[in-house]
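Now for the letters of each chain:
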Amino acid sequence: MSKLVGLLIILASVFGGYVWAGGALSALWQPAEILIIMGAGVGALIIANPQSVLKEMLEQLKELFNKGKEDPELYPQLFPLMGTLMAQIQSQGLKVLDEHLENPHQSSIFLMYPAVLNHPNVLQFLIDNLRVQSIGKISPHDLEHILEEEIHRIEEDRLRPSEAFSKVGEAMPGFGILAAVLGIIITMSNIDGPITMIGVKVAAALVGTFIGIFACYCFFDPMSKALEHLVDRKSAQLRCIAAILVTFSKGKPPMMAIDAGRKQIQSENRPSFIELERWMEGQRS
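Here is what the cut-offs are and how they apply
Residue positions within a chain follow its written sequence, with the count starting from 1. A pLDDT threshold of at least 70 governs which residues receive local features in this predicted model, and a stricter bar of 80 or more applies before side-chain atom pairs are shown or counted, although totals over entire chains, interfaces and linings include all residues. Water and hydrogen atoms were dropped before computing side-chain values, which therefore reflect all heavy atoms in the structure. In this scheme, patches are assembled from residues that exceed 30% relative accessible area and form no salt bridge. Like charges are connected within 9 Å, while nonpolar side chains (Val, Leu, Ile, Met, Phe, Trp, Tyr) are connected within 5 Å. Accessible areas in this description were obtained via Shrake-Rupley with a 1.4 Å probe; residue shielding takes into account the shown protein chains only. The salt bridge definition used is simple: a Lys or Arg side-chain nitrogen within 4 Å of an Asp or Glu carboxyl oxygen. Here a helix means four or more residues in a row that DSSP labels H or I, a strand means two or more in a row labelled E, and each is numbered from the N terminus. The buried label applies to any residue whose accessible area, calculated with a 1.4 Å probe on protein chains only, is under 20% of its type's maximum; exposed applies above 50%, and partly exposed to all values in between. Cavities and pockets were defined on a 1 Å grid built over protein atoms only: a cavity is a set of grid points that admits a 1.4 Å probe from which the probe cannot escape, a pocket is an open set flanked by protein on both sides within 12 Å along at least five of seven lines, and lining residues are those with an atom within 4 Å of any such point. Grid points are joined across faces, edges and corners, and a volume is the space filled by probe spheres set on the points. Put simply, a nonpolar core is a bunch of buried Ala, Val, Leu, Ile, Met, Phe, Trp, Tyr and Cys residues held in one set by side-chain atoms that sit within 4.5 Å of each other. The criterion used for residue contact is that any of the two residues' heavy atoms lie within 4.5 Å. Here the aromatic set is Phe, Tyr and Trp, taking the six-membered ring for Trp, and pairing holds for ring centres within 6.5 Å; pairs whose planes are under 30 degrees apart are stacked, those over 60 apart are edge-to-face, and all others are tilted. Within 3.5 Å is the distance limit for a polar contact, defined as a pair of N or O atoms, with the added protein rule that one can donate a hydrogen and the other accept it, and that residues adjacent in sequence qualify only through two side-chain atoms. Angular values range over 0 to 180 degrees, each being the angle between N-to-C directions of two axes fitted as lines to C-alpha atoms, with helices fitted over their stretch in contact. We call a crossing left-handed when the near helix sits turned anticlockwise from the far one by less than a right angle, and right-handed when that turn is clockwise. We call Asp, Glu, Lys and Arg charged. Ala, Val, Leu, Ile, Met, Phe, Trp, Tyr, Cys and Pro are nonpolar, and the rest, Gly among them, are polar.

(A) Molecular detail of a nonpolar patch on the surface. Together, I177, L178, V181, L182 and I185 make up a nonpolar patch on the protein surface, roughly 420 Å² of accessible area in all. In this fold, I177 is placed in helix α9 (residues 140-189). Look at I177 and you get partly exposed, because its relative accessible area is 48%.

(B) Up close: the layout of surface pockets. There is about 480 Å³ of room inside the largest pocket. Together, 20 residues line the largest pocket, and E63, K67, H119, N121 and K234 are the ones closest to its centre. Mapped onto the lining of the largest pocket, the elements with two or more residues apiece are α4 (51-66), α8 (120-135) and α10 (195-249). A total of 6 residues in the lining of the largest pocket trace back to one element, the largest contributor, which is α4.

(C) Quick peek at the nonpolar core. F79 and F110 are the most contacted members of the largest nonpolar core, which has 38 residues in total. Secondary-structure elements contributing two or more residues to this core are α5 (74-92), α7 (114-117), α8, α9, α10, α11 (254-262) and α12 (273-284). Top element by residues in this core is α5. It accounts for 9 residues. Here F110 is in contact with L81, L85, H100, L101, P104, L117, L123, L126 and I127, once residues within four sequence places are set aside.

(D) Fine view of the packing of aromatic side chains. This structure, assessed with the given rule, holds 8 aromatic pairs. Centroid distance F79 to W279: 6.1 Å. Interplanar angle 20 degrees. Geometry classified as stacked. You can see F79 sitting in helix α5 and its partner W279 sitting in helix α12, a full 200 residues away along the chain. Grouping aromatic residues by their ring pairs yields a cluster made of F15, F210 and F214.

(E) Spotlight on the side chain of S235. With respect to the element layout, S235 can be found in helix α10. Residue S235 is classed as buried on the basis of its relative accessible area of 1%. There is a polar contact of 3.1 Å between the side chain of S235 and the side chain of E155. Apart from the residues lying within four places of it in its own chain, the contact partners of S235 are E155 and R158.

(F) Representation of the packing of α5 against α11 in the model. Where α5 meets α11, the axes come as close as 10 Å, and the angle between the chain directions of the two elements is 145 degrees. Handedness of the crossing formed by α5 with α11: right-handed. Facing α5, whose interface residues are F79, G83, M86 and Q90, α11 presents P254, A257, I258, G261 and R262. Considering only residue class, the contact of α5 with α11 consists of 5 nonpolar, 3 polar and 1 charged.

(G) Main features of the pattern of salt bridges. Scanning the entire structure with this criterion turns up 9 salt bridges. Residues E63 and K234 are paired through a salt bridge, measuring 3.0 Å at the closest nitrogen-oxygen approach. Note that E63 is positioned in helix α4 and K234 in helix α10, a separation of 171 residues in sequence. Accessibility expressed as a relative area gives 15% for K234, which makes it buried. Across the salt bridge formed by K263 and D259, the nearest N and O atoms sit 3.3 Å from each other. The class of D259 is buried, set by a relative accessible area of 12%. Among the ionic contacts, a cluster of salt bridges with common partners joins R153, E156 and D157.

(H) Quick peek at the environment of E170. Relative to the assigned elements, E170 resides in helix α9. The exposure class of E170 is exposed, given its relative accessible area of 53%. Sequence separation between E170 and D221 is 51 residues; the distance between their C-alpha atoms is 8.0 Å.

Such coordinate-based values are descriptive only and should not be taken to indicate function.
Quick look at the structure:
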């Protein structure tokens, strides 16, 4: 919702100010210029990026506008789930989780926490790294290094759509100049026409420059930053799980391990320790 509000503010400010200054909106409606600039931008985006990045970009944009905020049920269910898993490990060892990790959607433990099941990336990260630990003993230092490398690789992959948006945004003023140059070529080819028509064609050519700059700084660059924040929020979920697993592997009590994970969450989504205790007490009751 906030993204749409921001877009409306941009449109109202730019075009409202233009009209207030005496400009006519009809002069900005240049379909040919829009086609040249936006078509070149979309084409460059497709050429520069593999299909996997384009698909991930669409998924991220969909999530950005449909949700935009952290799932309020994720952490209140993730922390009790981690507490339950650690209690099982303490009492019976990692092997006791094999059947639960094999089919989490049929597991009596995981089914108690549907919000975690609804986040496949979080679920897969947790399951994969518990399986790795069950295969053989890993030192806390090695485990921490493995998890850091995995999260770093995941972040790089998820940031590719944001980087693609940024690159195209940087190119949009150039595409605007391209459209303007083509407009000037058309103008010069009709230099012997009425002087009023020359003015109209020059104005239309300048609209191309405006559209390129507008698209860069009012759409592509802000969208790139918004996708970057989305990825950072998702990475915080993984960093939370990683901190819990590493701290627990060092022999610390489950509650201390969970608090270590809590501290990895972004401030706007991070629960207080009192809230964390309340969630864990709800699990025990």
